[in-house]
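# Topology and contacts: notes
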Amino acid sequence: MAETAKAAPARGRRTRGAKAAGPESAAPPPNGTAPAEDAETLVGYYRQMLLIRRFEERAARAYTEAKIGGYCHLNLGEEATVVGLMAALRPTDYLFTNYREHGYAIAKGIGADRVMAELYGRSTGVSKGWGGSMHLFDVETRLLGGYGIVGGQLPLATGAALAVSYKGGDEVVMCQMGDGTAAIGAFHESLNIAGLWDLPIVFVVINNGLGMGTTVENSAAEPELYKRGAAYRMESARVDGSDVVAVRDAARVAVERARAESRPYLLETLSPRLKGHSVVDPARYRSKEEKEALKAADPLAKMALELEEAGILSHEDRDRLDAEVTAEVDEAAAFADESPAPEISTLFDYTYATPVPGDLHRFPADPVFRS
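This report concerns the structure included in the present document.

Reading the values: rules and limits
Residues numbered from 1 in each chain as written. Predicted model: local features only at pLDDT ≥ 70, side-chain atom pairs only at ≥ 80, totals over all residues. Heavy atoms only, no water. Helix = DSSP H or I, 4+ residues; strand = E, 2+ residues; numbered from the N terminus. Buried < 20%, exposed > 50% of the residue type's maximum accessible area, 1.4 Å probe, protein only. Contact = heavy atoms within 4.5 Å. Areas by Shrake-Rupley, 256 points an atom, 1.4 Å probe, with all protein chains shown as cover. Polar contact = N/O pair within 3.5 Å; in protein donor to acceptor, adjacent residues only side chain to side chain. Pairing = 2+ DSSP bridges. Axes fitted to C-alpha atoms, helices over the stretch in contact; angles between N-to-C directions. Core = buried A, V, L, I, M, F, W, Y, C linked by side-chain atoms within 4.5 Å. Expected span 1.5 Å × (residues − 1). Arc of directions from axis to C-beta. Phe/Tyr/Trp six-rings, centres within 6.5 Å; stacked < 30°, edge-to-face > 60°.

Glancing now at the overall build of the chain. Along its length, the chain carries 13 helices and eight strands. When each of the 371 residues of the chain is scored for burial, the buried share is 51%. A separation of at least 24 residues holds for 75% of the contacts in the chain among residues at least 6 apart in sequence. Surface accessibility of the chain: about 17000 Å² in total, with carbon and sulfur atoms responsible for 54%.

Take a look at the structure:
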């Protein structure tokens, strides 16, 4: 798998004795998946990708059953990118994401049951039922939010990296976003500040080729988005997002550069999504040929075939893993179904982190003034 990756590093400035990376440092190893990697590790990656796939399929079904409300954006087709990125982080590193974050939460270590319960709006969910699909948040695993506003996570992630730098910690902040986010003001402002202040942050653009329904080529004067790091003298690279090992290796370069040299990094992954922008998007802007090409390039099927050809995972092993993962997702859905909704009395519990004088807790139909 690694030999299919296309990594294209761009040199950044040298600061505080840091060495600018040459092309060989950002490119994944060229040896191929089976010889270069431990079989157990590869099977573990495949299982995680499979869990995310089955989870998202179940979420799509639950949405049609009206068990999930609001917006719901799935990681279908991006599983290799999700697992590869998370494999490059330490448990103590921080993650900020956009609203397409279910898979990231699972790969960061949050149980599928708590994630599903949050999608269902239940009190046992990772955000106690108040966040829903777009706003997963967990301090323990250091997933500091999915954000519904496009680019809303970038300034906050940059601020978190400033806090790490200010305290002298060795943590790294990873900030994930979609390709459309690379066009907004907060993207440029955040990269500029991170570059000026030497912050330990890795900005990751998940380029699935479409900002909702508009292609990158029709919306970006420079469609090779990783090159935008050059404007801020920031090292950057592009990698094949369908190859979990290539993504992990490219992300490790970025993360360790940020950790060791306290310099930001811009990583772009080419990770087409298999479905529309959200569960209600039929993706009519794609031709039949495009849909067939996406199906043929499915990263999960690709990895399964490569593992089988390498003698690492037999067809029977794949069926067994699929049964295990499907059972885990079924249990998560049952947990969510059986969990209680939040009590109405808790509606205002998390409006502010600390008590605020005059904080209004009036419910609809309550009198404005109480006698």
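After presenting the structure, the write-up continues.
Turning our attention to the side chain of Ser242. Its place among the elements puts Ser242 in the loop between strand 7 (235-240) and helix 10 (244-261). Reaching out from Ser242, the side chain makes a polar contact with the side chain of Asp240 at a distance of 2.8 Å. Polar side-chain contacts of Ser242 include one of 3.2 Å to the side chain of Lys302.

Right, let's talk about the sheet that holds strand 8 (residues 265-270) for a bit. As summarised here, the arrangement of the six strands in space is 2-1-3-4-8-7, forming an open sheet in which the pairing is parallel. Since the sheet does not close on itself, it has two edges, and those belong to strand 2 (143-146) and strand 7, each with one partner. Taken pair by pair, the neighbouring strands of this sheet meet at an average axis angle of 15°, ignoring direction. Here strand 3 (residues 173-178) runs beside strand 4 (residues 201-207); their pairing, made up of six bridges, is parallel. In the sheet register, Met177 faces strand 4, and the bridge partner there is Val205. In this fold helix 8 (residues 185-197) packs onto strand 3, strand 4 and strand 8, with an angle of close to 150° to the strand it touches most, strand 4.

The next point concerns the side chain of Thr141. Mapped onto the elements of the fold, Thr141 is located in the loop between helix 6 (112-119) and strand 2. A residue is classified by how much of its surface remains accessible, and Thr141, at 13% relative accessible area, is buried. Contact partners of Thr141, with chain neighbours within four places excluded, come to Pro91, Asp93, Lys108, Gly109 and Ile110.

This part takes up the nonpolar core. Core analysis: the biggest nonpolar cluster contains 67 residues, and Tyr46, Leu85 and Leu267 have the highest contact counts within it. Discounting chain neighbours no more than four positions away, the residues touching Leu85 are Tyr104, Met174, Val204, Ile206, Val247, Ala251 and Leu267. Counting residues in hydrophobic clusters, the runner-up holds 26 residues, among them Leu144, Leu154, Cys175 and Val205.

Mapped onto the fold, Arg318 is located in helix 13 (residues 315-338). Between the C-alpha atom of Arg318 and that of Val43, which follows or precedes it by 275 residues, the distance is 9.6 Å. Not counting residues up to four positions away in its chain, the partners in contact with Arg318 are Tyr46, Ala304, Glu308 and Leu313.

Once that is clear, we can look at helix 7 (residues 153-167). Given 3.6 residues per turn, any residue in an α-helix points the same way as the ones three and four places further on. With 15 residues, helix 7 extends 21 Å between its outermost C-alpha atoms, agreeing within 8% with the 21 Å of an ideal straight helix rising 1.5 Å per residue. Those residues of helix 7 not exposed but buried are Gln153, Leu154, Ala157, Thr158, Ala160, Ala161 and Val164. Taken down its axis, helix 7 places every buried residue within 155° of arc, on the same side. Seen from the buried face of helix 7, the exposed residues on the opposite side, beyond 90 degrees, are Tyr166 and Lys167. Elements in contact with the buried residues of helix 7: strand 1 (94-97), strand 3, helix 8 and strand 4. Looking one or two residues beyond helix 7, the residue adopting positive phi is Gly168, at roughly 75°.

So, about the packing of aromatic side chains. For the structure shown, the criterion picks out two aromatic pairs. Taking the centre distance of 6.3 Å and the plane angle of 20° together, the rings of Phe96 and Tyr147 count as stacked. On the criterion of sequence distance, the pair formed by Phe96 in strand 1 and Tyr147 in the loop between strand 2 and helix 7 is long-range, its members being 51 residues apart. No difference in accessibility class separates Phe96 from Tyr147, as the two residues are buried. Consider the rings of Phe348 and Phe363, whose centres lie 5.2 Å apart with planes at 70°: the pair is edge-to-face. With a gap of 15 residues between them, Phe348 in the segment after helix 13 and Phe363 in the segment after helix 13 connect regions that are remote in the sequence. Relative accessible area serves as the criterion here: at 19%, Phe348 is assigned to the buried category.

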